[in-house]
Amino acid sequence: MSIVEKLNSPVLYGICGAIIGFVALVCVVFLVRAYRVGIRLGMDKRKLHRVILSSASFSVLPSIGILLGVIALAGALGIPWPWLRLSVIGALHYETQVAQAAAEQVGMKTLSAAEMTASGFSTIALMMSLCIIWGMVLSIFFNKKYTQKLGGSSGGKTMGFADRAMTAMFIGLVSAYLGSYLGDFVSGGGMLAFRGNWMPLAVAAVSALVMGCLIRLSERKNMEWVESFSIALSMLVSMAAAVLIGLMV
Amino acid sequence: MDETKELWERYSRTTHLLGRVSSILVLAMLVCAPFLIGSYLGAYPDLGAAGKAFFSVGLVWVVSSVAEFLIYTPMLGSGGGYLAFVTGNLINMKIPCAVTARDTVGTKVGTKENEVISTLSIATSSLVTILVLALGVAALTPLRPVLQSPALQPAFENVVPALFGAMACKYYRHNLKLAMLPLGIMGLLFILVPSLTGSTSMLIIPSGAIAIGFAFLEYRKAGKKKEENKT
């Protein structure tokens, strides 16, 4: 059996599937507990349903993007391991970078099935696991103290500036990405040449435009439901625009 | 009133217990899996090479993880925090998802309601990802030609711009003044140093710090105005 066949064997599917199954079970437990306590606290059932619906619809498209990450990595690492990494703990932008760095350390020129060895794979797999566990480690030791200090478990009180700070942090995050698209377009093809990649900027603009229309629509009477689908729909339309632009350019 | 307090304290205690136990178990599984797979493949991980790789790229992720923990835990609450760090994909999915859910129902960070909403949102999002990936992996062979067709690639290459365009509209709308400063600085920085586009994630923290700093100044100014109006 070749290394690629072994990496796609039922044994690996079994190991990875078991871990994913356990994490899914944890998610279900947290979901049910949060729903029940929400009801007992007197929260509106319809609000809770809206949150579940909007979160589910919001997550479908990015999940398809993540699936593409699985496909991209499957060529070198087989299907089960990238499936595990991207279902649990991993992040699309992280996996390839760490896998490539680990591959270089085990003597591979590139991350590819042609150069893969058993030792190389298990080392890469260990690296991918070790580099990104720290958020989880910090949660184990400090989540309780940190959230209690912030007032998370004391309940009732709002946090004044903290809420505004979170919105600001998110604006900072979005601005960093939009700034990078702008910089890529303006100077990506030479300093101030305006010949760089304009596709991300165009896609972001279409998405913002569609989102604006949907927000307006959701503000009308009896149209609040639109809000649950607004982000997913904006993304879908702008991604379709990317396909159209790609066909035309 | 006391009953609600007691209920909430019991819920919080169990959330931390479950969160810690499940995180420890997932951690153990993830670290042990490469060794288990190594025993099946006939070669264990090369610890020397893993150590070298960790110092070349891993340390960056340690710093990034600490920053993510400090920034996102207050936003996600305790239950959402445990789940998000176990299930991953924070920036591109869990955070926007939790923030959108929070805005949909209008809860505030640090309240019981926000803790419930955040946990519901992250758990749902994680389950959807697990389901989509499981279905996708099951159908990978017949689906691969469609998903990898060159015509569709621009769509999937632009998932993140599509997400941030929509989020920008949502957040800039009511905070235009606040958004202009980080957007202007980041835009200028990337225009003048275009090579930074490959390290955008590293600039999230400074961009966020600029926005928070400006928000704090506005907040203080508004507070002073309120005080003046009182007197």
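Residues numbered from 1 in each chain as written. Chains lettered and ligands numbered in written order. Predicted model: local features only at pLDDT ≥ 70, side-chain atom pairs only at ≥ 80, totals over all residues. Heavy atoms only, no water.

Enquirer: Would you take a moment to explain the overall build of chain B for this structure?
Expert: On a plain count of helices and strands, chain B comes out with nine helices and zero strands. When the helices and strands of chain B are listed from N to C terminus, the series reads α-α-α-α-α-α-α-α-α. Since a compact globule built from 231 residues should have a radius of gyration of about 17 Å, the 22 Å found for chain B marks it as more spread out than a globular shape. In terms of its C-alpha atoms, chain B occupies a principal-axis envelope of roughly 80 × 55 × 40 Å. Nonlocal contacts in chain B, meaning residues at least 24 apart in sequence, comprise 59% of its contacts between residues at least 6 apart. Averaged over its 19 positive side-chain charges, chain B has a centre that lies 6 Å from the centre of its 13 negative ones. (Helix = DSSP H or I, 4+ residues; strand = E, 2+ residues; numbered from the N terminus. Rg over C-alpha atoms; globule rule 2.2 N^0.38 Å. Contact = heavy atoms within 4.5 Å. Lys, Arg positive; Asp, Glu negative; His and termini not counted. Charge placed at Lys NZ, Arg CZ, Asp CG, Glu CD.)

Enquirer: Can you help me understand the overall build of chain A in this one?
Expert: Per the secondary structure count, chain A includes 10 helices and zero strands. Along its sequence from the N terminus, chain A presents helices and strands in the succession α-α-α-α-α-α-α-α-α-α. When the backbone C-alpha atoms are referred to their principal axes, chain A occupies close to 60 × 50 × 30 Å. For chain A, with 249 residues in total, the buried portion stands at 57%. Put simply, 56% of the contacts in chain A that link residues at least 6 apart link residues at least 24 apart. Of the roughly 10300 Å² that chain A leaves accessible, carbon and sulfur atoms contribute 66%. Across chain A, the centroid of the 19 positively charged side chains sits 13 Å from that of the 10 negatively charged ones. (Buried < 20%, exposed > 50% of the residue type's maximum accessible area, 1.4 Å probe, protein only. Areas by Shrake-Rupley, 256 points an atom, 1.4 Å probe, with all protein chains shown as cover.)

Enquirer: How do you make sense of the nonpolar core when you look at a structure like this?
Expert: Among soluble globular proteins, nonpolar side chains are generally buried collectively. Residue and element names in this part refer to chain A. Leu77, Trp81, Phe121 and Ile124 are the most contacted members of the largest nonpolar core, which has 146 residues in total. Examining the composition of this core, we find that 14 residues originate from one element, helix 2 (residues 10-40), more than from any other. Taken together, domain 1 (3-149) and domain 2 (161-248) each give at least three residues to this core, which thus spans both. Beyond its immediate chain neighbours, meaning those up to four positions away, Ile124 contacts Leu77, Ala99, Ala102, Ala103, Met108, Leu111 and Met116. (Core = buried A, V, L, I, M, F, W, Y, C linked by side-chain atoms within 4.5 Å. Domains from an automatic or database assignment.)

Enquirer: What exactly am I supposed to notice about helix 4 (residues 80-87) of chain A here?
Expert: An α-helical segment advances 3.6 residues per turn. Residues three or four places apart therefore align on the same side. Residue and element names in this part refer to chain A. With eight of its eight residues buried, helix 4 lies for the most part within the structure. Looking at helix 4, one finds that the buried residues are Pro80, Trp81, Pro82, Trp83, Leu84, Arg85, Leu86 and Ser87. A positive backbone phi angle near 60° is found at Ile89, which sits one or two residues after helix 4.

Enquirer: Explain the interface of chain B and chain A to me, please; I cannot follow it from the model alone.
Expert: How big an interface is tends to be stated in terms of the accessible area lost upon association of its parts. Counting residues at the interface gives 151 residues for chain B, matched by 151 residues for chain A. The junction of chain B with chain A conceals about 13900 Å² of combined surface from both sides, 78% of it contributed by carbon and sulfur atoms. Looking only at chain B, the three residues that lose the most surface to chain A are Leu30, Tyr40 and Trp61 of chain B, adding up to 5% of its buried area. Linking chain B with chain A are two salt bridges. (Buried area = accessible area lost by both parts, 1.4 Å probe. Salt bridge = Lys/Arg side-chain N within 4 Å of Asp/Glu carboxyl O.)

Enquirer: How do you make sense of the pattern of salt bridges when you look at a structure like this?
Expert: Side-chain pairs of opposite charge can arise whenever the charged atoms involved come near each other. By the definition in use, this model includes six salt bridges over all chains. Notably, a salt bridge pairs Glu219 of chain A with Arg173 of chain B, separated by 2.5 Å at the nearest N-O pair. A residue pair is termed interchain when its members come from two chains, as with Glu219 of chain A in the loop between helix 9 (199-218) and helix 10 (226-248) and Arg173 of chain B in the loop between helix 7 (159-172) and helix 8 (176-192). Put simply, Arg164 of chain A together with Lys177 and Glu218 of chain B are held in one network by salt bridges that share partners.

Enquirer: Explain the environment of Leu181 of chain B here, please?
Expert: All names here are of chain B. Relative to the helices and strands, Leu181 resides in helix 8. Residue class for Leu181 comes out partly exposed when judged on its relative accessible area of 38%. For the pair Leu181 and Val160, spaced 21 residues apart in the sequence, the C-alpha separation amounts to 22 Å. Beyond its immediate stretch of four places on either side in the chain, Leu181 contacts Ile210 and Phe214.

Enquirer: Help me understand the packing of aromatic side chains, please; the structure alone is not making it clear to me.
Expert: As enumerated under the stated definition, the model contains 10 aromatic pairs over all chains in all. For the ring pair Trp81 of chain A and Phe121 of chain A, a centre distance of 6.3 Å and an interplane angle of 80° mean the geometry is edge-to-face. Here Trp81 of chain A is found in helix 4, whereas its partner Phe121 of chain A is found in helix 6 (residues 118-131), with 40 residues between them in sequence. Overall, the relative accessible area of 0% leaves Trp81 of chain A in the buried class. Here Phe121 of chain A falls in the buried class, since its relative accessible area comes to 0%. Here the aromatic rings of Tyr177 of chain A and Phe164 of chain B are separated by 4.6 Å at their centres, their planes lie at 20°, and the arrangement is stacked. Taken together, the residues span two chains, with Tyr177 of chain A in helix 8 (residues 161-187) and Phe164 of chain B in helix 7. Phe164 of chain B carries the same exposure label as Tyr177 of chain A, and that label is buried. (Phe/Tyr/Trp six-rings, centres within 6.5 Å; stacked < 30°, edge-to-face > 60°.)

Enquirer: Could you clarify how one ought to interpret the confidence of the model for chain A in this entry?
Expert: Note: predicted coordinates in regions of low pLDDT should not be interpreted at a detailed level. All names here are of chain A. Scored by pLDDT, chain A comes out at a mean of 86, with 92% of its residues at no less than 70. When pLDDT is averaged over each element of chain A, helix 2 comes out on top at 96 and helix 5 (residues 92-105) at the bottom at 72. Confidence drops under pLDDT 50 across residues 152-158; counting only partners more than four residues distant or on other chains, this segment forms 16 contacts. (pLDDT = per-residue confidence, 0-100.)

Enquirer: Just checking my understanding: could you explain the side chain of Thr107 of chain B for this structure?
Expert: Residue and element names in this part refer to chain B. Here Thr107 lies in the loop between helix 3 (90-105) and helix 4 (112-138). In this structure the side chain of Thr107 is engaged in a polar contact, spanning 3.2 Å, whose partner is the side chain of Asn114. Apart from residues lying up to four places away in sequence, Thr107 is in contact with Arg102, Glu113, Asn114 and Ile117. (Polar contact = N/O pair within 3.5 Å; in protein donor to acceptor, adjacent residues only side chain to side chain.)

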